[in-house]
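Inside the fold
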Amino acid sequence: MDKSKYNDRLEDYSLDKLYNVAKRNFNKSIVLRDLYRNERGELIAQCISCGRKTIINSSYDLKKFVAGHYFRTFGFTSVEFDRDNVNIQCSQYCNVNMSGNLSLYQKSLVVKIGQERFDVLKAKAQQTHKLTYRELINIIIESREIIARRKKELHIKF
Ligand SMILES: [Zn+2]
C-alpha cells in the first residue's frame, strides 16, 4: 500500500467528510476486530450486550451488527473513537431497541478489558476533546489497516 498517496487524497477532504469517513472505517474495524471463528470454523458475531451469537455467512448477515458505543457519542466526544469504548453489538435489539443495553454491556466490557481499563475509559469519557484533522486521518489509516488485517486473518471474502 502506498501510504503517501493515501494521505494526499485524505488531506484534500473537508473536516466533515473526513469525520464521516473516519466514522465509517472505524466502525467497520471494530466489527471485524470482534468477529472470530469457532472450533468448527464458522464466522461468529457475538453481541457485547446480550451475548447472542450469530453465524455470519454474508455481508447481509454482518449488517445486523454495528459498532456500539458504551459511552454513546452524544456528549462523549473524547471516547467516540476509543477502541475500548466501542464493541460489536446487535443492531436492532441492543443498539436501537435497548439503547445500547448498557447494564449488560458494562458487565461484559469489564470482563473483556478489565476493571482498570474500564475505569480509565470512564475518566476519559468525562473529558471533552475536539478531534483534529491529523487525528481523523490517523484513525482512518489505522482502521483501514485493521480491516485489511482482520479480513485476511479471518479469511473473509465478502
Ligand atoms: Zn445484543
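Quick note: structure is the one above.
Residues numbered from 1 in each chain as written. Predicted model: local features only at pLDDT ≥ 70, side-chain atom pairs only at ≥ 80, totals over all residues.

1. Describing the overall build of the protein
Of the regular secondary structure elements, the protein holds seven helices and five strands. In the protein, the succession of helices and strands from N to C terminus is α-α-β-β-β-α-β-β-α-α-α-α. Relative to the 2.2 N^0.38 estimate, which gives 15 Å for 158 residues, the radius of gyration of the protein is 16 Å and therefore close to what a compact globule would have. If you line up the protein on its principal axes, its C-alpha atoms span 40 × 40 × 30 Å. Split into buried and exposed, the 158 residues of the protein put 25% on the buried side. Long-range pairs, those at least 24 residues apart, make up 71% of the contacts in the protein between residues at least 6 apart in sequence. (Helix = DSSP H or I, 4+ residues; strand = E, 2+ residues; numbered from the N terminus. Rg over C-alpha atoms; globule rule 2.2 N^0.38 Å. Buried ≥ 20, exposed ≤ 12 C-beta atoms within 10 Å, placed from the backbone. Contact = placed C-beta atoms within 7 Å.)

2. Looking at helix α5 (residues 102-113)
Its twelve residues place the ends of α5 16 Å apart at the C-alpha level, agreeing with the 16 Å of an ideal helix rising 1.5 Å per residue. Two residues or fewer after α5 comes Gly-114, characterised by a positive phi angle close to 90°. (Expected span 1.5 Å × (residues − 1).)

3. What to know about helix α7 (residues 133-153)
Counted at 1.5 Å a residue, the expected span for α7 with its 21 residues is 30 Å, and the 30 Å between its end C-alpha atoms agrees. Taken together, the buried positions of α7 are occupied by Leu-136, Ile-139, Ile-140 and Ser-143. In an axial view of α7, the angular spread of the buried residues amounts to 100°, which keeps them on one side of the axis. Projecting away from the buried face of α7 at angles above 90 degrees are the exposed residues Arg-134, Lys-152 and Glu-153. One or two residues past the end of α7 sits His-155, with phi positive at roughly 55°. (Arc of directions from axis to C-beta.)

4. Here we look at unusual backbone geometry
Of note in the backbone geometry, Asn-101 takes a positive phi value of approximately 50° without being a glycine. With respect to the secondary-structure elements, Asn-101 resides in the loop between α4 (91-97) and α5. In this model, His-155 sits at a positive phi of 55°, which is unusual for a non-glycine residue. Mapped onto the fold, His-155 is located in the segment after α7.

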